[in-house]
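Report on the structure
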Amino acid sequence: MEMTIINMENRHQKLTTSTLLDPKFLQRPPSHRSITRSLSESSSIATVDLQSDASTEPLIEEPESFDTDTENICEPEQQTPEKCQVQCIECVKAIPVFSCNDIEAGDHVVFSGAVYDHHGIIISKLDDGVTFEIIEATNTISGAVLGVSKFFGGKAEIKGSFKKFDFEVEKICVVVYRHRFSKKETVRRATGFYNNKEESGNYKYDLFDNNCEHFATYCVTGQNVSVQVSKFRLTWTLFWSSGFVGISDELKRNEKEYENDIICKDCYEMNKKLLGVGVKPIVSEGDVQKGDIIRYSYWNLWHDAVVLEVSKKTKKAVVCSIAHYAFCGIFSHRTIIEERKEIQLNGQCSKLDYDLPQYDVYEPEEFVRRARKRLGEQLFVFFSNDSSHFARWCKLKLRRS
């Protein structure tokens, strides 16, 4: 029997919408440090009180500055958003979790794998507090590879199991959505599909069009979407047309994402302004200061770093201390490190002009403090938490004053 998750029962349920990820209120996308989990069933997003002790928030080390009006505390709005908003990769954030207390029934969880990430829906937490019931579209690596072919698609099934997570070894994230069903409804949808044994045992798997992430997002939003696949297809398109430089050109990438309905119009407009910043070639010793964001070629890709300190200036070069997401080897996690860099004054390295009044920025001392706070971090994600996102997080306030 052939079937895809698009045939699942779909009652007329409304999606809850949170303004925390709404780009109309922001000058840059929120980072994983800007978002924490709510204990409310109606929304998985909440703001953090700046007066609270950050240590009590397991997903937050350094809260962002939010206004405390009702709208931005994310009272959910009942509405049916456009399809492109639900599919927008900027309106979805994978938030690292570090304990069982950070996971609830109805959550979409992601497990980082050697070949690809795996996704599932949390159905319940057992009384011991450390064991979770999970429903997922499962497959073997060979089955996933064969799933590329339409002739070998039926290689997976929807399975339920009980798992204990090893947070010291596994990299686990909870996916936060701007638009989603309630957690109760998400559980109902996942269990409804699983309990239909004829359908769940004949899940029509396709690596690019109907994988484990498609199943999870369908349970949460009613639309089968895969951020992994969207990023892969976009990367291939950009590489084919412009090589490695095309992949790292964020402004061009933003245009392609919008053309291919990967991001919504609101996020496209926010990114267009954010990424359209002036870029000034560094040709004199006064062009580089503490608190600047610099751009240069790194492993054949455009790469942003933050200037922590300028130690030496000559007529030919500026020596400074920078922080950035560094490549540490094929089998190692990318890590935010501090290192020495000599910038030749020949224009091959540039400075990004994020300045007032167009942008609301942190003072240099606060900029450096924020950067050093994240040294050693290993949460690199292409297109959503890379070195340029780190640099903007150091420099730009989340919202305009």
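Data block above holds the structure.
Here the focus is the sheet that holds strand E13 (residues 317-326). For sheets, the rule is that strands pair by backbone hydrogen bonds, running either parallel or antiparallel. Spatial ordering of the open sheet is given by E10-E15-E11-E12-E13-E14, a layout of six strands whose pairing is antiparallel. Edge positions in the open sheet fall to strand E10 (279-281) and strand E14 (335-344), since each of these has one partner strand only. The average undirected angle you get between the axes of adjacent strands in this sheet is 40°. The pairing of strand E12 (residues 301-313) with E13 spans six bridges and is classified as antiparallel. Bridging across to E13, Val 306 finds its partner in Ala 323. Along the sheet, helix H9 (residues 364-373) contacts strand E11 (293-298), E12 and E14; its crossing angle with E12, the most-contacted strand, is approximately 120°.

Here the focus is the sheet that holds strand E4 (residues 108-111). The strand order across the open sheet built from six strands is E3-E8-E4-E5-E6-E7, with neighbouring strands paired in antiparallel fashion. At either end of the open sheet lies a strand with only one pairing partner, and these are strand E3 (92-96) and strand E7 (157-164). Across this sheet, the average inter-strand angle for adjacent strands is 35°, counted without regard to direction. As paired elements, E3 and strand E8 (residues 172-177) share five bridges and run antiparallel to each other. Note that in E8 the partner of Val 92 across the bridge is Tyr 177.

Scanning all chains against the criterion turns up 17 salt bridges. The closest approach of N and O atoms between Lys 280 and Asp 287, which form a salt bridge, is 3.5 Å. A relative accessible area of 37% places Lys 280 in the partly exposed class. Within the structure, one salt-bridge network assembled from shared partners comprises Glu 104, Asp 107 and Lys 183.

Moving on, we get to the packing of H9 against helix H10 (residues 387-395). Direction vectors running N to C along H9 and H10 enclose 140°, while the axes themselves pass 8 Å from each other. Between H9 and H10, the angle falls in the class oblique. Once H9 is placed against H10, the crossing between them reads as right-handed. On H10, the residues touching Phe 367, Arg 370 and Ala 371 of H9 are Phe 390, Ala 391, Trp 393, Cys 394 and Lys 395. Taken together, the residues that form the contact of H9 with H10 break down as six nonpolar, no polar and two charged.

Quick look at the packing of helix H3 (residues 183-195) against helix H5 (residues 212-221) now. Between H3 and H5, the shortest axis-to-axis distance is 7 Å and the interhelical angle comes to 130°. Overall, the two elements H3 and H5 adopt an arrangement that is oblique. Like other packed secondary-structure pairs, H3 and H5 cross with a definite hand, here right-handed. Residue-level contacts link Thr 186, Arg 189, Ala 190 and Phe 193 of H3 to Phe 215, Tyr 218, Cys 219 and Val 220 of H5. Among the residues forming the contact of H3 with H5, the class breakdown is six nonpolar, one polar and one charged.

Now for the environment of Pro 364. Along the chain, Pro 364 falls in helix H9. It is 4.5 Å that separates the C-alpha atoms of Pro 364 and Gly 291, two residues lying 73 residues apart in sequence. If near-sequence neighbours (up to four positions away) are discounted, Pro 364 is found in contact with Lys 290 and Gly 291.

Take helix H7 (residues 250-259) next. Every buried residue of H7 is listed here: Glu 250, Arg 253, Asn 254 and Glu 257. For H7, the buried positions fall inside an angular range of 105° around the axis, keeping them on one side. A side-chain oxygen of the first residue of H7 lies 3.3 Å from the backbone nitrogen of Leu 251; this N-cap is Asp 249. Phi for Asp 261, located one or two positions after H7, is positive at around 60°.

Once that is clear, we can look at H10. With nine of its nine residues buried, H10 lies for the most part within the structure. Among the residues of H10, those classed as buried are Ser 387, Ser 388, His 389, Phe 390, Ala 391, Arg 392, Trp 393, Cys 394 and Lys 395.

Reading the values: rules and limits
- Residues numbered from 1 in each chain as written.
- Predicted model: local features only at pLDDT ≥ 70, side-chain atom pairs only at ≥ 80, totals over all residues.
- Heavy atoms only, no water.
- Pairing = 2+ DSSP bridges.
- Helix = DSSP H or I, 4+ residues; strand = E, 2+ residues; numbered from the N terminus.
- Axes fitted to C-alpha atoms, helices over the stretch in contact; angles between N-to-C directions.
- Contact = heavy atoms within 4.5 Å.
- Salt bridge = Lys/Arg side-chain N within 4 Å of Asp/Glu carboxyl O.
- Buried < 20%, exposed > 50% of the residue type's maximum accessible area, 1.4 Å probe, protein only.
- Parallel < 35°, antiparallel > 145°, perpendicular 65-115°, else oblique.
- Left-handed = near helix turned anticlockwise from the far one by under 90°.
- Nonpolar A, V, L, I, M, F, W, Y, C, P; charged D, E, K, R; others polar.
- Arc of directions from axis to C-beta.
- Polar contact = N/O pair within 3.5 Å; in protein donor to acceptor, adjacent residues only side chain to side chain.

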